[in-house]
Amino acid sequence: MDFTFNEDQVALRDSVSRFLMNEAAPELLREIWETGGGRAPELRSKFAEQGVTALSVPEAYGGLGLADVDWALITEELGYYAIPDSLADTVYVATGLLCAVPEAEALREQWLPGIAAGTTRVSIEHPVNPWVADAHMADLILAFRAGADGVLELHALPRAGLEHAATSSIDGSRRLSILAQQPLGASTRLLAGEAAQAVADATLDRATVAVAGQLVGLAQRMLDLSVDYAAQRKQFGRPIGSFQAVKHHLADVLTRIEFARPVLYRAALALQRGDRNRGALISHAKLACAEAAWIAARKGIQVHGASGYTWEVDLQMFMKRAWVLDAAWGDRGFHKARLAEALLRADAPLGPAATLY
Amino acid sequence: MDLDFTPQQQAFRAEVRAWLRDNVPTAPLESYDTREGFEQHRAWEAKLAEGGYSSVIWPKELGGRGANLIEWLIFEEEYHAIDAPMRVNQNGILLLGPTLMEFGTPEQKARFLPRMARCDDMWAQGWSEPNAGSDMANIASRAIRDGEEYVINGQKIWSTRAVFANWLFGLFRSDPQSARHHGLSYLLVPLDAEGITIRPIVALNGKQAFAEVFFDDVRVSVANRIGEEGQGWNVAMATAGFERGLLLRSPARFQRTAQRLVDLYRRHQASADRDPSIREGVLKAWMDAEAYNLASYHTVGRLLKGGRIGAEASTNKIFWSELDLQMHETAMRILGPRAELIDDPEVHDWLEGFLFAQAGPIYAGSNEIQRNIIAERVLGLPKS
C-alpha cells in the first residue's frame, strides 16, 4: 500500500512544469486567445521536442507508453498553464482510444508517429459533448455516432470533406464545431454495437480524468495568482492579504484543492487498473476538481477586486477555462447521476476502506 | 502507486478484525459523559490495552504494537466498521502521549505511559482559560517555583473529561514577568491534589462533557514538568500538528457515518426525495468522506517516505469538522419531524452526533484559527 507517486513520475511532472513555465507564459496564452486560429503551431513543435506529444504513444511507435497515473500529474500541469484542448485530446485521450481498439492497427500505423512527432491533431466526437473541440484543424476525427438502426458506431473520419459549423466559446482558446451529421458508410466504421459502446465508455472515463486533472491544476493557478495579488495589493496601508476575510477565502481554496487531488489520483489509478467501481470514482474526481476550480475562480476574482473583472488581468483566462471545462465530458448532472447510481446499488462501495479494493 | 495491502498488513487486519469481533461489547455503552458510561468505557479501554490495541502506533514496551501508520489506518477501519465504542482517553493518548515520548524523561515515560495505555489514569486537558481560548498564548494561570515544587494558582476551562479524570496536563505561566508564549511550563497535575476544585459544565447534550478547574495554591512536584522550565509552549506545539492533524479523526469514522447515511436515505427515500437537496447532501457526504480517506492514505504514504506533515494539519481539521456537520445535518433533514425524538432508536445516534458535530469547528483550534494558519504558514500571506 503506497498511495503516492514514485520519483520518476514526480521528476517527469517537474520537467513538464519547467518547460511550460518558460514556453507557455500568460502572454503566449493571450496571443492564442486573441488570434483567429486559436493555436500556436510553434508551441506544438516545442511540445514534440520535449517529448510531451509522445507520452502516451506506445514504445513500438516511438513514444514513452505512459499510463493513466503518470498522466494525472501531467494533466494538472496542462491545466495550470491553461493549454488549449487539442493537446490532451490528441496525445492522451485519442491516443488511448486508438491503442484500446484491436481493429485500429492500420490507424495506429498511420497516425501514432505523427501524434508523437507533434504534426497530427485528433478530435473526438462523443455523444456526451454537444460540440467537437478543435475539429477545424484536426487531421483525424474519431466519431461515436448512432447508425441508422440506432446502434452506436465508432468511425475514423479524415477531416477533409467533413462539413463543420463553428460556434464560439467564452473561453478564447476553445474552438468548437458541430459536425455535419450525414450518414456514414462502412468504409470509415471501426466498431459497432457493444464493442463501440465499451470504447465510448472508456474514452469518456479517460477524457473525464484528463479534464479533472486540468481543473485542479487551474484551481492551483488561480490560487497562486490570487495569493500573489493579495500579498502585493495594499489598502488601508497594508497588504490586503493581511486581512482575515481575504486570508480565509484563500485558505478555503487551498483546502478544496488538497481534498480534490487525492480523488483525482485514485480515479486515474481506477482507470489504469480497470477497477469495477471506476465510473463512480472518476465521476467523483470530476465533481471534486470542478468544485475546487469554481471556488478558486469565485474567491480569486473576489480577492482581485475590480481588476479581476477586467480582460487585461490574466486571471480571466484561467477562470473561463475552469468554467467551461466544468461541463466538458459530462456536466455535473451527468456525473452526479452516475455516482448516485453506483452508491444506491446493493454492492455500493460503502464503508471504511471500501474504495481501496 | 500501489493499493495492494502486503500479506503482513492483511494479516494484521485479519487479527484486528477477529479480536474486535470477539471482544467488542454487544450492547452499546452509555455515554462516557455519565459516571456509569465513563466506567464502562474505562473497562473497554483496559480490555483494548490487554489486546495491545489502545494505541497501535506506540512502541511495544509502552503498551502499543509498534505499528506503522498504514496499520493504524487499518486498525481504525476495522474499529469503526464494527461500531466499537468511542475512545474515552484520546486526549491523553493523542495529545500528551506523544509529547511524553518526545520530551519526557525515562522515569516520566515509565510512570505515565503504560498507565495511560491501560486507562488506569484518565487525562483531562488544561489549555484554555477564560481569557485564553483561541488566543492560547494569553495564559495567565501561574505555577511559581518553590524549591522542588511549583505552586499553582488560576483557572482552566473547557477541560474535556475533567469531571471523571484523575490527571490533568496543561500549560502554566512559570515566569510571572513573561508574556505571550514565553515563560510557560508544561505540567502534569493530579486532580485529587489539595486546592483543586472541579466545577462541571453541562454541554449542549445535557451531559457533563467538560469542566472548569480552579487551582488554589496547588503544589506539584518539579518531577511533573515535561521539558525545560519556560519551554512549555514549544513542548506543547512540537507534536500538535501531527497528532491533531492526522490522528485525532481517522477517515474510517466518517466513511462509516457516510455509509449509515446512505442506508438511512435508502430507507426513507420516498419522503427524502421530496427535497432534492437531500440526495445531493448524501452524495456530498460520501464524496467528502472518501476524499478525506484518500487524502489520509496519501499523507501517510508521504510520511512513511520521510515527508513531514504540512498544510494537512490544518486543512484536515477544517475538512473533517465541516464534513461531520454536513453529514449530520443531512441525516436530520431525512428524519424530518422525528429528528427531535431523542429516545427513538433510529434517531438517537444521529441526534447525539448532530449535537457533537456543532463543536467540531470549535475545538482543537477553531476553524478560523486553522484558516489563519493556512494563510500565513502555507500560503505565506502577511500576519494580521
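Here the structure is a predicted model, which is why all the values come from computation and not from measurement.

### Overview of the overall build of chain B
The helix and strand tally for chain B stands at 13 helices and eight strands. Since a compact globule built from 384 residues should have a radius of gyration of about 21 Å, the 21 Å found for chain B is in line with a globular shape. Structurally, chain B occupies a C-alpha span of about 70 × 50 × 45 Å along its principal axes. In chain B, of all internal contacts separated by at least 6 residues, the share reaching a separation of at least 24 is 71%.

### Side note on the overall build of chain A
Regarding its fold elements, chain A presents twelve helices and nine strands. Taken against the 2.2 N^0.38 rule, which gives 21 Å for 357 residues, the C-alpha radius of gyration of chain A at 20 Å falls within 12% of a compact globule. The C-alpha extent of chain A, read off along each of the three principal axes, is 70 × 50 × 40 Å. When burial is assessed residue by residue, chain A has 53% of its 357 residues classed as buried. Counting only contacts in chain A whose residues sit at least 6 apart along the sequence, the fraction spanning at least 24 positions is 70%.

### What to know about the confidence of the model for chain B
In the predicted model, chain B carries a mean pLDDT of 95, and the fraction of residues at 70 or more is 100%. Among the prediction metrics, the complex's ipTM stands at 0.96, with pTM recorded as 0.96.

### What about the interface of chain B and chain A?
Across the contact, 45 residues belong to chain B and 40 residues belong to chain A. The set of elements that each furnish at least two residues to the side of chain B that touches chain A consists of α3 (69-81), α8 (251-267), α10 (276-304), α11 (312-335) and α13 (367-378) of chain B. It is α10(B) that contributes the most residues to the side of chain B that touches chain A, 13 residues altogether. Its residues assigned to classes, the side of chain B that touches chain A comprises 24 nonpolar, nine polar and twelve charged.

### A short note on the packing of helix α1 (residues 7-23) of chain A against helix α4 (residues 68-80) of chain A
All names here are of chain A. Where α1 contacts α4, the two axes come as close as 9 Å, and the packing angle between them is 20°. One finds that α1 runs roughly parallel with respect to α4. For α1 against α4, the interelement crossing comes out right-handed. Each of Q9, L12, R13, V16, S17 and L20 in α1 lies in contact with α4, whose residues at this interface are D70, L73, I74 and E77.

### Structural notes on α1(A)
All names here are of chain A. The end-to-end C-alpha separation of α1 is 24 Å, in line with the 24 Å expected for 17 residues at 1.5 Å each. Within the sequence span of α1, burial applies to L12, V16 and L20. Down the axis of α1, the buried set is contained in an arc of 65°. They therefore lie on one face. Of the exposed residues in α1, the ones pointing more than 90 degrees away from its buried face are E7, V10, A11, D14, R18, M21 and N22. Next to the buried residues of α1 lie α4.

### Let's talk about α8(B)
Since the α-helix turns once every 3.6 residues, residues separated by three or four places project in the same direction. Residues and elements named next belong to chain B. Between its terminal C-alpha atoms α8 stretches 25 Å, which fits the 24 Å expected from 17 residues at 1.5 Å a residue. Every buried residue belonging to α8 is among P251, A252, F254, Q255, R256, T257, A258, Q259, L261 and Y265, and all of these are buried. Buried residues belonging to α8 abut α3, α9 (269-272), α10 and α11.

### Side note on the nonpolar core
With 217 residues, the main nonpolar core has A:L215 and A:A293 as its most contacted residues. With residues up to four places along the chain from it excluded, the contact list for A:A293 reads A:L215, A:V216, A:L218, A:A219 and A:A322.

### Structural notes on the domain arrangement of chain B
All names here are of chain B. The assigned domain composition of chain B is domain 1 (7-88), domain 2 (123-231) and domain 3 (239-378). For domain 1 and domain 3, the distance between their C-alpha centres works out to 21 Å. The interface of domain 1 with domain 3 comprises nine residues on the first partner and nine residues on the second. Class assignment of the residues belonging to the side of domain 1 that touches domain 3 gives a composition of five nonpolar, two polar and two charged.

### Section: the sheet that holds strand β4 (residues 152-158) of chain A
All names here are of chain A. Taken in spatial order, the four strands of this open sheet run β1-β3-β4-β7, and their pairing is mixed. Strand pairing shows two members of the sheet lacking a second neighbour, β1 (122-125) and β7 (189-192), which therefore form its edges. Neighbouring strand axes in the sheet, compared pairwise and without regard to direction, differ in orientation by 15° on average. Two strands pair when backbone bridges link them, and β4 and β7 are joined in this way by three bridges, in the antiparallel orientation. Paired with E153 across the two strands is A192, which belongs to β7. Taken strand by strand, helix α7 (residues 194-232) contacts β1, β3 (140-146), β4 and β7, and its axis lies near 70° from that of β4.

### Looking at the sheet that holds strand β5 (residues 164-167) of chain A
All names here are of chain A. On the basis of which strands lie adjacent, the open sheet formed by three strands has the order β2-β6-β5 and antiparallel pairing. Two strands bound the open sheet, and with one partner strand each, they are β2 (132-133) and β5. Pairing geometry for β2 and strand β6 (residues 176-179), over two bridges, is antiparallel. Note on β6: the bridge partner recorded for A133 is L176.

### Focus on the environment of B:V262
With respect to the helices and strands, B:V262 occurs in helix α8. C-beta crowding within 10 Å serves as the criterion here: with 19 such atoms nearby, B:V262 is assigned to the partly exposed category. Sequence separation between B:V262 and B:R279 is 17 residues, and the spatial gap between their C-alpha atoms is 9.3 Å. With residues up to four places along the chain from it excluded, the contact list for B:V262 reads A:L343, A:A348, A:L350, B:V282 and B:W286.

### A look at the pairing of strand β3 (residues 149-160) of chain B
Residues and elements named next belong to chain B. Sheet analysis places strand β2 (residues 142-146) next to β3, joined by five bridges and oriented antiparallel. Bridge assignment links I144 to a residue of β3, and that residue is V151. Between β2 and β3, which pair antiparallel one after the other, the connecting turn spans two residues, and G147 there sits at a positive phi close to 65°. Alignment of β3 against strand β7 (residues 210-221), held across nine bridges, turns out to be antiparallel. Looking at β7, one finds that E149 is bridged to S221.

### Concerning the pairing of strand β5 (residues 184-190) of chain B
Residue and element names in this part refer to chain B. Of all seven residues that make up β5, six are buried, and the element is covered over most of its length. Summarising the sheet, strand β4 (residues 167-173) and β5 pair through seven bridges and their orientation is antiparallel. What sits directly across from W167, in β5, is P190.

Calculation rules
Residues numbered from 1 in each chain as written. Chains lettered and ligands numbered in written order. Predicted model: local features only at pLDDT ≥ 70, side-chain atom pairs only at ≥ 80, totals over all residues. Helix = DSSP H or I, 4+ residues; strand = E, 2+ residues; numbered from the N terminus. Rg over C-alpha atoms; globule rule 2.2 N^0.38 Å. Contact = placed C-beta atoms within 7 Å. Buried ≥ 20, exposed ≤ 12 C-beta atoms within 10 Å, placed from the backbone. pLDDT = per-residue confidence, 0-100. Nonpolar A, V, L, I, M, F, W, Y, C, P; charged D, E, K, R; others polar. Axes fitted to C-alpha atoms, helices over the stretch in contact; angles between N-to-C directions. Parallel < 35°, antiparallel > 145°, perpendicular 65-115°, else oblique. Left-handed = near helix turned anticlockwise from the far one by under 90°. Expected span 1.5 Å × (residues − 1). Arc of directions from axis to C-beta. Core = buried A, V, L, I, M, F, W, Y, C linked by C-beta atoms within 7 Å. Domains from an automatic or database assignment. Pairing = 2+ DSSP bridges.

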